[in-house]
Amino acid sequence: MDVIDTLSGIAAGTRLDELRAHRPAAREQAQATYDALLFPFDDGAMSLVERYAVAAFVAALFDVPAAEQHYARLLSEEDPTIAAAVTEAVELGRGAGPYGSFGGELVAESQAGPELILPSHLADALGARLTAAIHHTHLLALHPRDSARERLQPLVDAGWTADGIVTLSQLVSFLAFQVRVVAGLTVLAAEGSH
Amino acid sequence: MSTLTTAAEVTPPPRFTQEALGWVPWVEPLDELDLTDRHYEGLVQRPRAKNPYFRLLARDPEVLGARTRTDLDIFCNTADGLGRAERELGAAVASRSNGCVYCASVHSAFATHFSKRGEDVQRLLDDGVGADLGDEAWNAVRDAVVALTATPVRFGAEHVAALRASGFDDTAILDVINSGAFFNWANRLMLSLGEPTLS
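### Examining the overall build of chain B
The helix and strand tally for chain B stands at 9 helices and 2 strands. Across chain B, helices and strands are ordered from the amino to the carboxyl terminus as β-α-α-α-α-α-α-α-α-α-β. The C-alpha atoms of chain B give 17 Å as radius of gyration, which agrees with the globular expectation for 199 residues (16 Å, within 12%). Projected onto its principal axes, the C-alpha coordinates of chain B cover approximately 55 × 35 × 35 Å. Going through the 199 residues of chain B one by one, you find that 51% of them count as buried. Taking as baseline every contact in chain B between residues at least 6 positions apart, the subset at least 24 positions apart corresponds to 63%.

Now the structure itself:
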């Protein structure tokens, strides 16, 4: 049983376990991605507490309860003070997506939406690196089409390297995938056999 | 080496298209000369070292390798389940919904290639995810992926029922979930680490 099984409520030998076995590499490699992002052998570019804070924040924004609880627990076991600040940040960041602006002929399709800016007491609690990461995570989670070259500058200014920016982007983007697989499998698992 | 690339000349595509586009990174990719065995292991397929997007993701080679192998099984393992065209349609719908013009160009062209239904695919690009894609099956895939791409996720039993009514079995429905979910990963990387340009 891997983490997607656990979060989707899939037990060994059930219909959904057998269904997932039709895509064995996707199943195994989704787990390998999770392991590489959350339990890396080298966390030099992004510390463990940074990884768990971003994961807890983005899983909560995506609002898939089993995933939200899983990542909240990882973070609170690693750093309860940061966990408390992230819980507050989540309440400020929650929203419906995807929204964002388009250019060119698509400008009429642009949809305005909120931009998260953490208040100073949370920015102080999280520190410059995590504050920049949480701001960037909100963008990637809810309005990724608002991305722009200049949106990366606050990360660079806060000390994020190129390696760190890639790992941060992969973590948020992988979780966008993982929670949706969990949401989909949960719906399938709740049904009877077909 | 600097973290961000120096701004390059780009011509942003004015609309969604099935034409081939270029993609320019904002974060500095690794230099091909600096790639080690560990990076090649992450790239999986050696020719990918020529591509700046993959050389950028190679900065975290373990994650890139696992991601690439996930991708290949979701889209290319066609022993059973959903047809290749419908998996590419799922990728294109997620990309249209999130607003990733680059991913949409690649996967709408693949959807057309495998289905020979270029006009239905073009309607998705021109009119958006509300367009009629020509039949019940494609519209059911579209509705499922749009619901899965939304935050909070809106995918529910009604989407599964509509897919079943169109003749899809459990493995095909798993493929709809996987392909739609996977592009929620891919879109965020391509949107946030660089930008498309007319080639």
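Let us keep going from here.
### Examining the overall build of chain A
The helix and strand inventory of chain A stands at 9 helices and 0 strands. Along chain A, from the amino end to the carboxyl end, the secondary structure elements read α-α-α-α-α-α-α-α-α. Taken over the C-alpha trace, chain A has a radius of gyration of 18 Å; the compact-globule value for 194 residues is 16 Å, and the two agree within 12%. If one aligns the C-alpha atoms of chain A with their principal axes, the spans along those axes are about 50 × 45 × 30 Å.

### Comments concerning the domain arrangement of chain B
A common way to report how large an interface is uses the accessible area buried once the components associate. For chain B, the assigned domains are domain 1 (26–74) and domain 2 (80–192). Placing a centre on the C-alpha atoms of domain 1 of chain B and another on those of domain 2 of chain B gives a separation of 26 Å.

### Considering the confidence of the model for chain B
The share of residues in chain B with pLDDT of 70 or more is 99%, and the mean pLDDT across the chain is 97. Scoring of the predicted complex yields 0.98 for pTM and 0.98 for ipTM.

### So, the environment of B:Gly83
All names here are of chain B. Its place among the elements puts Gly83 in the loop between helix H3 (61–76) and helix H4 (84–98). For Gly83, a count of 15 C-beta atoms within 10 Å corresponds to the partly exposed category. Taking the C-alpha atoms as reference points, Gly83 and Ser115, 32 residues apart in sequence, are found 9.2 Å from one another.

### Some details on the interface of chain A and chain B
At the interface, 56 residues of chain A touch 56 residues of chain B. Of all the secondary-structure elements, those providing two or more residues to the side of chain A that touches chain B are helix H3 (24–38), helix H4 (48–62), helix H7 (120–142) and helix H9 (162–189) of chain A. At 19 residues, the largest contribution of residues to the side of chain A that touches chain B is made by H9(A). Class assignment for the residues of the side of chain A that touches chain B results in 32 nonpolar, 15 polar and 9 charged.

### Thoughts on the packing of H4(B) against helix H7 (residues 136–149) of chain B
The axes of two packed helices give the description: the angle between them and the distance between them. All names here are of chain B. Two elements in contact, H4 and H7, have axes whose closest approach is 9 Å; the angle formed by their N-to-C orientations is 45 degrees. If you check the angle between H4 and H7, you find them oblique. Where H4 crosses over H7, the handedness of that crossing is right-handed. Contacts between H4 and H7 involve Glu86, Leu89, Gly90, Val93, Ala94, Ser97 and Asn98 from the former and Trp138, Val141, Arg142, Val145, Val146 and Thr149 from the latter.

### With respect to the nonpolar core
Membership of the largest hydrophobic core comes to 121 residues, with the highest contact counts inside it found for A:Ala56, A:Phe57, A:Val58 and A:Ala59. Considering every element that reaches this core, the biggest residue donor is H9(A), with 17 residues. Lining this core are residues from two domains, each supplying at least three of them: domain 1 (26–74) and domain 2 (80–192) of chain B. Leaving out residues up to four positions away in the same chain, A:Val58 has contacts with A:Thr137, A:Ala141, A:Val172 and A:Leu175.

### Examining unusual backbone geometry
Negative phi is the rule for most residues except glycine; trans is the rule for most peptide bonds. Between A:Gly97 and A:Pro98 the backbone carries a cis peptide bond, its omega angle lying at -5 degrees. Structurally, the position occupied by A:Pro98 is in the loop between helix H6 (80–93) and H7. In this model, B:Thr151 is joined to B:Pro152 through a cis peptide bond whose omega is -10 degrees. For B:Pro152, the position within the fold is in the loop between H7 and helix H8 (157–165).

### Concerning the environment of B:Gly90
Residue and element names in this part refer to chain B. Within the element layout of this structure, Gly90 appears in helix H4. Spatially, the C-alpha atom of Gly90 lies 8.9 Å from that of Ala181, the residues being 91 residues apart in sequence. For Gly90, the contacting residues outside a window of four places in its chain are Val141, Val145, Val176, Ser179 and Gly180.

Criteria and thresholds
Residues numbered from 1 in each chain as written. Chains lettered and ligands numbered in written order. Predicted model: local features only at pLDDT ≥ 70, side-chain atom pairs only at ≥ 80, totals over all residues. Helix = DSSP H or I, 4+ residues; strand = E, 2+ residues; numbered from the N terminus. Rg over C-alpha atoms; globule rule 2.2 N^0.38 Å. Buried ≥ 20, exposed ≤ 12 C-beta atoms within 10 Å, placed from the backbone. Contact = placed C-beta atoms within 7 Å. Domains from an automatic or database assignment. pLDDT = per-residue confidence, 0-100. Nonpolar A, V, L, I, M, F, W, Y, C, P; charged D, E, K, R; others polar. Axes fitted to C-alpha atoms, helices over the stretch in contact; angles between N-to-C directions. Parallel < 35°, antiparallel > 145°, perpendicular 65-115°, else oblique. Left-handed = near helix turned anticlockwise from the far one by under 90°. Core = buried A, V, L, I, M, F, W, Y, C linked by C-beta atoms within 7 Å.

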